[in-house]
Amino acid sequence: METIVQIMKKYDFSEMETLVYTTLLEKGVMTGYEVSKQSGVARSKVYNVLEKLIKKNLVVVNKSEPKLYYAVSSEEFLSRLENNVKQDLALLDNQLGKIKIQEEEEELLWKLENYQSVMEKSQHLMKYAKNSLLMQMWEEDLTKEVVSLLQEVEANIPRFVLILFSNNHHYDIPLKNYYVHGFEEEKLHDFGSRWINIVADEKEVVFGTLESDEQVMDVTWTKNKAMVNLAKEYVKHDAYTLKIIEENAETLKNQYGEEFERIRLIYEED
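Parameters and conventions
- By convention here, each chain's residues receive numbers from 1 onward along its written sequence.
- Only residues with pLDDT of at least 70 get local features here, since the model is predicted, and only at 80 or more are side-chain atom pairs given and counted; chain-wide, interface and lining totals rely on the full set of residues.
- Values reported for side chains reflect all heavy atoms of the structure, with hydrogen atoms and water molecules removed beforehand.
- Lines fitted to C-alpha atoms define the axes here, with helix axes fitted over just the stretch in contact, and angles between the N-to-C directions of these axes take values from 0 to 180 degrees.
- Runs of E in the DSSP output that reach at least two residues are strands. Runs of H or I that reach at least four are helices, and both are numbered from the N terminus.
- Any angle that falls under 35 degrees is termed roughly parallel, while one over 145 is termed roughly antiparallel, one within 65 to 115 roughly perpendicular, and all others oblique.
- Two residues form a contact once any of their heavy atoms are found within 4.5 Å.
- Nonpolar residues are Ala, Val, Leu, Ile, Met, Phe, Trp, Tyr, Cys and Pro. Charged residues are Asp, Glu, Lys and Arg, and all others, Gly as well, are polar.
- Note on terminology: a nonpolar core comprises buried Ala, Val, Leu, Ile, Met, Phe, Trp, Tyr and Cys residues joined through side-chain atoms within 4.5 Å.
- Only protein chains enter the accessibility calculation, which uses a 1.4 Å probe. A residue is then buried if its area is under 20% of the maximum for its type, exposed if over 50%, and partly exposed in between.
- Residues enter patches when their relative accessible area tops 30% and they take part in no salt bridge; the joining distance is 9 Å for like charges and 5 Å for the nonpolar side chains Val, Leu, Ile, Met, Phe, Trp and Tyr.
- Methods summary: accessible areas were calculated by the Shrake-Rupley approach with a probe of 1.4 Å, and residue burial reflects only the protein chains presented.
- Here, a salt bridge means any Lys or Arg side-chain nitrogen found within 4 Å of an Asp or Glu carboxyl oxygen.

- Going by an unreviewed UniProt entry, the protein carries the name Transcriptional regulator and comes from Vagococcus fluvialis bH819.

**Looking at the packing of helix 2 (residues 15-27) against helix 4 (residues 43-55)**
Then step 1. Two elements in contact, helix 2 and helix 4, have axes whose closest approach is 10 Å; the angle formed by their N-to-C orientations is 80 degrees. Between helix 2 and helix 4, the crossing angle belongs to the class labelled roughly perpendicular. Residues Met16, Glu17, Val20, Tyr21 and Leu24 of helix 2 pack against Lys45, Val46, Val49, Leu50, Lys52 and Leu53 of helix 4.
Then step 2. For the contact of helix 2 with helix 4, the class distribution of residues is 8 nonpolar, no polar and 3 charged.

**What about the nonpolar core?**
Then step 1. Ranked by size, the top nonpolar core spans 32 residues in total, and within it Leu133 and Met137 carry the most contacts.
Then step 2. Apart from residues lying up to four places away in sequence, leucine 133 is in contact with Leu125, Met126, Leu150, Val153, Ile157, Arg159, Phe160, Val161, Ile198, Val199 and Ala200.
Then step 3. Grouped together as the second largest cluster of nonpolar side chains are 19 residues, Phe13, Tyr69, Ala71 and Phe77 included.

**Observations concerning a nonpolar patch on the surface**
Then step 1. A surface patch of nonpolar side chains, amounting to about 340 Å² of accessible area, comprises Val29, Val60, Leu68 and Tyr70.
Then step 2. With respect to the helices and strands, the residue tyrosine 70 is situated in strand 2 (residues 69-71).
Then step 3. Judged by relative accessible area, tyrosine 70 falls into the partly exposed class, the value being 44%.

**Details of unusual backbone geometry**
Then step 1. In the segment running from glutamate 65 into proline 66, the intervening peptide bond is cis, with an omega of -5 degrees.
Then step 2. The topology assignment puts proline 66 in the loop between strand 1 (59-61) and strand 2.
Then step 3. Of note in this structure, histidine 169 is not a glycine but carries a positive phi near 60 degrees.
Then step 4. With respect to the secondary-structure elements, histidine 169 resides in the loop between strand 5 (159-165) and strand 6 (178-180).
Then step 5. Positioned with a positive phi, aspartate 201 is a non-glycine residue whose angle comes to about 55 degrees.

Structure (structure tokens):
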């Protein structure tokens, strides 16, 4: 019930309105007194709540005495709500689409404050990518919803690459063009935590680190050209390297060790 109350609040229905509506939906035809008794909404308030629901077309009332109240079906309510939302979104799309972003604002870096905002922005980039989507992501962040979205994206855009990381070495996902990184321990040592890197159409990027508890993070969204290019080349470099390793594994093991450990010795002191 708590979930229903919270969702209904998003669409301008108070907790009492939701309690009254769901009570009528469950119990059927009732008097105001019965609605109050069954819903827990005080009798002094229930009639005012019922009047509000009548105006919102969620409840109907008969024209005789005693007054009886009845809830419209959930199917009718949800269908009407869906149509209203679609109409509102179409209007917003038309009006907001006419507002142009100032060029100087595109160069700024914007901090994403929490994990939900990171994933919402990331999924937006995925969904609306038209030509290319280059990514580095960890298994922990590839929910079923995200994987399903990526399947659609991969099937519809010409350039799609995912570099997949997994602490548990779980690399089996239903995508075609992805590269298993395999050197998670070393990269975690470099970064200190897992990270996310998503570049859409070489125009905007979500990039930054995510702590395991999802409470502490440092993730940026930007259209800054330098940041976009840096992030893009990072993904492509990983893909090039992993492709070479995949196609020349035995030769490289002989040269750099079974786990390619010597390939990371790039400093004189090494």
